[in-house]
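Structural overview for review
Listed below are the residues making up each chain.
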Amino acid sequence: MEADTAGDPMTGIKWTRRTTEKIACELRAGGIEVCANTVAKLLKGLRFRLRVNHKKLSRGSRDDRDAQFAYISAQREAYARAGWPILSVDSKKRELVGNFKNAGTTWCQQPTAVNDHDFPSDAEGVALPYGIYDVAANLGYLFVGTSHDTAQFAVDNLARWWVYQGRRRYPDTTELLVLADSGGSNGVRTRAWKHALQERLCDRHGLTVTVCHYPTSASKWNPIEHRLFSELSKNWAGKPLDSYETILNYLRTTSTSTGLEVRAYLVNTDYPKGLKISDQDMDQLQLRRHDTQPNLNYTLSPR
């Protein structure tokens, strides 16, 4: 057992990768007749427990992560003092539209019957909710796509927010702070994201956009995750998303006691995947990387 044992140095609790059946088999080979249930009782007496993996190890330097969190906090404070918009953005999980099971429970007299298999061929389509959360206003905006979650889709949604709400709520601003994860359609390494920001938001609307990415595996600290997406998931938990209208209704009726309001829009535009941005296109961007964590923090200005 020694080579297959691990333990917690603080509590003394141990665990082994071997099953109780395998341990019982080896004991019987050594002349000790014992069953798997008895082995389990003996292991508990020796302070062994069944354990799952814990996601505790982060990539990169802890100092770099702490520095990035401190920098994001400073940027948020500066933009809040100036009265400039702070937007937290992210893509929510892709959903099949149809009479499929949706995780969660709901109060009802009889359970709702849904399809016994989630075959994409039975779906009306897919729903790709892209969220924009206005931190200061406590307002959420969901743009439900129907094709692909691309960088162009993400930036077009930011442009839609600006046209629909932003320029009315912030008429005197030309500065915008965007808080985003490090991966996905708005990822830190996604060329198409930066190129689309330049062309479709900065140049077209005359906005200077600063982007701060959260470190890898730190998306839970992005405000949209716990202030908007968690509430959306609770609102439609246990209810089949059987049509686009149903999805939009659930999104629009999401609210909290702290005043959260949500507006939702259906986006039928087709966004093809695989768009490549050349080195020449990247060289033409009006992009300035910040001194702190330059790969995670940058500003794009109108050309």
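Above this text sits the structure in question.
Residues numbered from 1 in each chain as written. Predicted model: local features only at pLDDT ≥ 70, side-chain atom pairs only at ≥ 80, totals over all residues. Heavy atoms only, no water.

As a further point, take the overall build of the protein. If you tally the helices and strands in the protein, you get eight helices and 11 strands. Against the compact-globule benchmark of 19 Å for 303 residues, the protein has a radius of gyration of 25 Å, which places it well outside the compact range. The principal-axis extent of the C-alpha atoms belonging to the protein is close to 80 × 55 × 40 Å. For the protein, long-range pairs separated by at least 24 residues make up 70% of all intrachain contacts whose partners lie at least 6 apart in sequence. When the accessible area of the protein is evaluated, it comes to approximately 17500 Å², of which 49% is carbon and sulfur surface. Treating the 41 positive side-chain charges of the protein as one cloud and the 34 negative ones as another, the clouds have centres 5 Å apart. (Helix = DSSP H or I, 4+ residues; strand = E, 2+ residues; numbered from the N terminus. Rg over C-alpha atoms; globule rule 2.2 N^0.38 Å. Contact = heavy atoms within 4.5 Å. Areas by Shrake-Rupley, 256 points an atom, 1.4 Å probe, with all protein chains shown as cover. Lys, Arg positive; Asp, Glu negative; His and termini not counted. Charge placed at Lys NZ, Arg CZ, Asp CG, Glu CD.)

It is worth spelling out the pattern of salt bridges at this point. Under the defined criterion, the tally for this structure stands at five salt bridges. Lys93 is the salt-bridge partner of Glu95, the closest N and O atoms lying 3.3 Å from each other. One salt bridge in this structure joins Asp156 and Arg200, with 3.0 Å as the shortest N-O distance. Placement of the pair is Asp156 in helix H4 (residues 151-169) and Arg200 in helix H5 (residues 191-205), with a sequence separation of 44 residues. (Salt bridge = Lys/Arg side-chain N within 4 Å of Asp/Glu carboxyl O.)

This part takes up the environment of His205. Within the secondary structure, His205 is located in helix H5. With 23 residues separating them along the chain, His205 and Leu228 place their C-alpha atoms 26 Å apart. Leaving out residues up to four positions away in the same chain, His205 has contacts with Ala159, Trp162, Val163 and Arg200.

Right, let's get into the nonpolar core. Among soluble globular proteins, nonpolar side chains are generally buried collectively. By size, the foremost hydrophobic cluster in this structure holds 34 residues, and its most contacted members are Ile132, Trp161, Trp193 and Leu201. Put simply, the parts of the chain that give this core at least two residues each are strand S3 (86-91), strand S5 (125-134), strand S6 (139-145), H4, strand S7 (175-180), H5, strand S8 (208-213) and strand S11 (297-300). Among the elements that make up this core, the one with the highest residue count is H4 (eight residues). Core analysis: the second largest hydrophobic core is formed by 28 residues, Tyr133, Leu142, Tyr244 and Leu260 among them. (Core = buried A, V, L, I, M, F, W, Y, C linked by side-chain atoms within 4.5 Å. Buried < 20%, exposed > 50% of the residue type's maximum accessible area, 1.4 Å probe, protein only.)

What follows covers the side chain of Lys194. Note on placement: Lys194 falls in helix H5. Buried and unpaired, Lys194 has no salt bridge, with Asp279 as the nearest side chain of opposite charge at 12 Å. Of the polar contacts made by the side chain of Lys194, one reaches the backbone oxygen of Val188; its length is 2.6 Å. In this view, Lys194 contacts Val188, Arg189, Met282, Leu285, Leu287, Arg289, Tyr298 and Leu300; residues no more than four positions away in its chain are not counted. (Polar contact = N/O pair within 3.5 Å; in protein donor to acceptor, adjacent residues only side chain to side chain.)

Here we take up a positive patch on the surface. On the surface, Lys44, Arg47, Arg49 and Arg51 cluster together into a patch of positive charge. Arg49 gets classed as partly exposed once you look at its relative accessible area, which sits at 39%. (Patch = residues over 30% accessible without salt bridge, like charges linked within 9 Å, V, L, I, M, F, W, Y side chains within 5 Å.)

Bringing the packing of aromatic side chains into the picture now. Applying the stated criterion across every chain, the model contains 10 aromatic pairs. Geometrically, the ring pair formed by Tyr130 and Phe153 is edge-to-face, given 6.2 Å between the ring centres and 75° between the ring planes. Of this pair, Tyr130 sits in strand S5 while Phe153 sits in helix H4, placing them 23 residues apart in sequence. Ring plane angle 45° and centroid distance 5.0 Å describe the contact between Tyr164 and Tyr265, whose orientation is recorded as tilted. Of this pair, Tyr164 sits in helix H4 while Tyr265 sits in strand S9 (residues 261-267), and the two are 101 residues apart along the sequence. Judged by its relative accessible area of 35%, Tyr164 is partly exposed. Assessed through its relative accessible area of 23%, Tyr265 is described here as partly exposed. (Phe/Tyr/Trp six-rings, centres within 6.5 Å; stacked < 30°, edge-to-face > 60°.)

Take H4 next. A rise of 1.5 Å per residue sets the reference length of H4, with its 19 residues, at 27 Å; its end C-alpha atoms lie 25 Å apart and thus fit the reference within 8%. A maximum bend of about 50° is found in H4 at Trp162. H4 sits mainly inside the fold: 14 of its 19 residues count as buried. (Expected span 1.5 Å × (residues − 1). Bend = angle between axes of the 7 residues up to and from the residue.)

Let us look at the packing of helix H1 (residues 20-29) against helix H2 (residues 36-45). Where H1 contacts H2, the axes come no closer than 8 Å and their chain directions differ by 105°. In terms of their interaxial angle, H1 and H2 are classed as roughly perpendicular. Counted together, Thr20, Glu21, Ile23, Ala24 and Leu27 of H1 and Ala36, Val39, Ala40 and Leu43 of H2 form the full contact between these two elements. Partitioned by chemical class, the residues of the contact of H1 with H2 number seven nonpolar, one polar and one charged. (Axes fitted to C-alpha atoms, helices over the stretch in contact; angles between N-to-C directions. Parallel < 35°, antiparallel > 145°, perpendicular 65-115°, else oblique. Nonpolar A, V, L, I, M, F, W, Y, C, P; charged D, E, K, R; others polar.)

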